[in-house]
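Tertiary structure, described
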Amino acid sequence: MTNGAELGFLLDPTLEALFAALVSRLDVHLFIEGIFVVVLCYLLFQKSYKPRRRGDDLTEKEIDELCDAWQPDPLASGPLMDQSVPRKEKLVTAQGDSKIVIDGIEHVNMSCLDFLNCLGHKEVQDACEHAIRKYGVGACGPRGFYGTIDVHLELEDKLAEFMGTEAGIIYSYDIATVASVIPAFLKRGDLVICDEAVNWAVQNGLDLSRSYIKEFKHNDVADLERILMLVAESEERRSSKALNRRFIIVEGLYQSTGQIAPMPEIVELANKYKFRVLLEETCSFGALGPTGRGVLEHHGMKSTDVSLICASMSGALATVGGFCVSDKAIVSHQRLSSASYCFSASLPPFNATAALEAIRLIENDKPRLARLRENTKLMHKELVDATQSMDQDASDSLTLLGDVASPLKHLYLRTGTDSRQKDDATLQQICDLISSDARIAVAVSDFTPLQKRAPKPSIRVTVSAGHTAAQISQFGQALRKAAAVVFNGRAS
C-alpha cells in the first residue's frame, strides 16, 4: 500500500521527496536498536587503556632510595597528644569499704566514685557469687540474640521503678551508654545545645550524631538563654521552620568540675523554647538527693521533667555498664536504634545482679546516704580551710572547685604554668607525698587527647559514706603539709 510520502515522490521525484519516502518505510524501534548494536561493537573492540601510574619511569635504584627515605606519620600524634602525661601504673590488689591496697600498702581510698561503698559490701558480693554459679561469667551474645537473661529484665524494671519513670534499658559498657543513646535520637540537621564541660562520652555521642552543636558556658544559665534566644530569632526570620529535633544536654554533677547543674532553670528554659533535655547522671546518681535518686531529686524535681536520663553503673552501683530511663516509647526505640545495645554482648549476669543489690541497699539503708551527706559537708569545710590557710606568697597554692553538696571535688593550681606537663607533675608530687605520709590515695585527673576541650590539671578528691571524720581531718592535714613542701620547699 502506497503511503503519502511515496505518493509525493511519484508525483514530484526530487531528492527530498526520496529521503522522506525512505524514512517513512523505516521502523523506529529497529533503527534505535541498530544504533545500540553499533555502539556496543565499538566499545567491545576498543583497545584497552592502562593509565600511566606515577613512578612507572623510575629505576629500581630510585625506587629503593625513595623507600629508604620514607618516614611514616606516627599513629598517635597531634598537639593534644603532645600534652598527654605518661603515668606509672599502680598495682591494686584489694579494695572495698573505703580502703584500697596499692603496691602492697593499704590506703584510705579518696579517689574513686564508689560513694556508697557498695563495692565491698558482703550482700553484693554474695549475690554476685550466686549469680556466677547459676549463669556463669558472661552472656555471650547481644540482647536480641539470646543474650537477654532474667536479671537483665529485672534490673531494667527496678531502675525504672527507682527513678520513677515508665521504662528502663541497660547497656553492657558504661562509656558507650550515652554515646549510643545520643545518635539513636539525633542525626545530621538536628540541634544540640550542651554545656562546655560535658564529659568525653557525651562529646563522643555528639560527634557520632553529626548534629549541629552549640556550647554554652559552664553552668551559665544566662549564656544558655542567650543561645536559645538567638535560635528563636533565627527561626522567626525564616519563611519555614526547620523540622528537626532539639536537645539541651547537661550533666547532673560534672565529672570534670564537681559542680551541680542548675536543673530548675535549665528545664524552665527548655520548656519555654521547646527543647528536650537529656541528663547525664553518672556522678550524681546515688550521690545526690535525699534518697540517692540524683540531681533532679536534689532540686525537688521529678524524673519526668526531662526526656531522658542516662548514667554509668560504675559509680554508686559499683559495677559496670550503664542505663537509660525514660518513657516506654523512647526506651523501645533504643532497642532497635542504639548501636551499643544492638551489637554488643549483653551485660554479664553477675554485674546486673550487683546493680540490683546495690539499688536495694540504697533503698533500705537510709543512714548510709545520711553519712555520705555528712561526710561531704565535712570534706568541703576541710578543703576550704586547707586551701585558704596556704601561704599565698609561696610559688603557688591550691584552689577548690566543687559544690558543698558534691562528694566529688577538684583542687587546681592557683596560677600554674603554660605547660600541662609541669602542672600535672606538680600536682602528682602532692599526691605522692599524701600517699607516702598519710597513706591516703588521691589522684590527678586524667584526660584523653580525644577530648575537644581538655580540663585543667587537678587533684580529684572523692568522699564516701565509709570515711570517718578522723580520716577526712587527716587528709586535710596531709594536704597542707604536702602543699607546703611542694610550694615552699619546707614542711609545716
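Let me begin by describing the structure that accompanies this report. In this text the structure is predicted, and so the values were computed from the model without any measurement.

The buried count for strand 4 (residues 167-171) comes to 5 of 5 residues, which makes it a mostly enclosed element. Relative to strand 10 (residues 322-326), strand 4 runs antiparallel, the two being bridged by 5 bridges. In the strand pairing of strand 10, Ile170 is matched with Phe323.

The next subject is the nonpolar core. In this structure, Leu155, Ile248, Ile249, Met263, Phe275 and Leu278 are the most contacted members of the largest nonpolar core, which totals 86 residues. The contacts of Phe275, once residues within four sequence positions are left out, are Leu191, Ile193, Leu228, Val231, Arg246, Phe247, Ile248 and Ala270. Judged by nonpolar contacts, the second largest core, of 29 residues, contains Val108, Ala386, Cys431 and Val444.

Below, the discussion takes up unusual backbone geometry. At Cys140, a residue that is not glycine, the phi angle is positive and equals roughly 60°. Among the secondary structure elements, Cys140 is positioned in the loop between helix 6 (122-135) and helix 7 (143-147).

So, about the side chain of Ser307. Structurally, the position occupied by Ser307 is in the loop between helix 13 (295-298) and strand 9 (308-312). By relative accessible area, Ser307 is classed as buried at 17%. Excluding residues within four positions of it along the chain, Ser307 makes contact with Arg276, Val277, Ser326 and Ile330.

Next up on the list: the sheet that holds strand 11 (residues 398-401). Pairing is antiparallel across the open sheet formed by 4 strands, whose spatial order is 11-12-15-14. Where the open sheet ends on each side, the last strands, each with one partner, are strand 11 and strand 14 (443-444). Pairing geometry for strand 12 (residues 408-413) and strand 15 (residues 459-462), over 4 bridges, is antiparallel. Residue pairing for strand 15: His410 is matched across the bridge by Arg460. Its contacts with the sheet put helix 17 (residues 366-388) on strand 11, strand 12 and strand 15, and the angle it makes with strand 11 is roughly 155°.

For the structure on display, the rule yields 3 aromatic pairs. The interplanar angle of 75° and the centroid separation of 5.8 Å between the aromatic rings of Phe162 and Phe285 together place this pair among those described as edge-to-face. Here Phe285 lies in the loop between strand 8 (276-280) and helix 13 and Phe162 lies in helix 8 (residues 150-163), a separation of 123 residues in the sequence. One exposure class covers both Phe162 and Phe285, and it is buried. Note on Phe285 and Phe323: the rings are 5.1 Å apart at their centroids and 65° apart in plane angle, and the pair reads as edge-to-face. With a gap of 38 residues between them, Phe285 in the loop between strand 8 and helix 13 and Phe323 in strand 10 connect regions that are remote in the sequence. By the burial criterion, Phe285 is buried, and Phe323 matches it. In textbook terms, an aromatic cluster arises when at least three aromatic residues are bridged by ring pairs, as seen for Phe162, Phe285 and Phe323. If you follow Arg293 out to its NZ or CZ, it ends over the ring of Phe162, 4.1 Å from the centre.

Each value, and the rule that gives it
Residues numbered from 1 in each chain as written. Predicted model: local features only at pLDDT ≥ 70, side-chain atom pairs only at ≥ 80, totals over all residues. Heavy atoms only, no water. Buried < 20%, exposed > 50% of the residue type's maximum accessible area, 1.4 Å probe, protein only. Helix = DSSP H or I, 4+ residues; strand = E, 2+ residues; numbered from the N terminus. Pairing = 2+ DSSP bridges. Core = buried A, V, L, I, M, F, W, Y, C linked by side-chain atoms within 4.5 Å. Contact = heavy atoms within 4.5 Å. Axes fitted to C-alpha atoms, helices over the stretch in contact; angles between N-to-C directions. Phe/Tyr/Trp six-rings, centres within 6.5 Å; stacked < 30°, edge-to-face > 60°. Lys NZ or Arg CZ within 6 Å of the ring centre and 35° of its normal.

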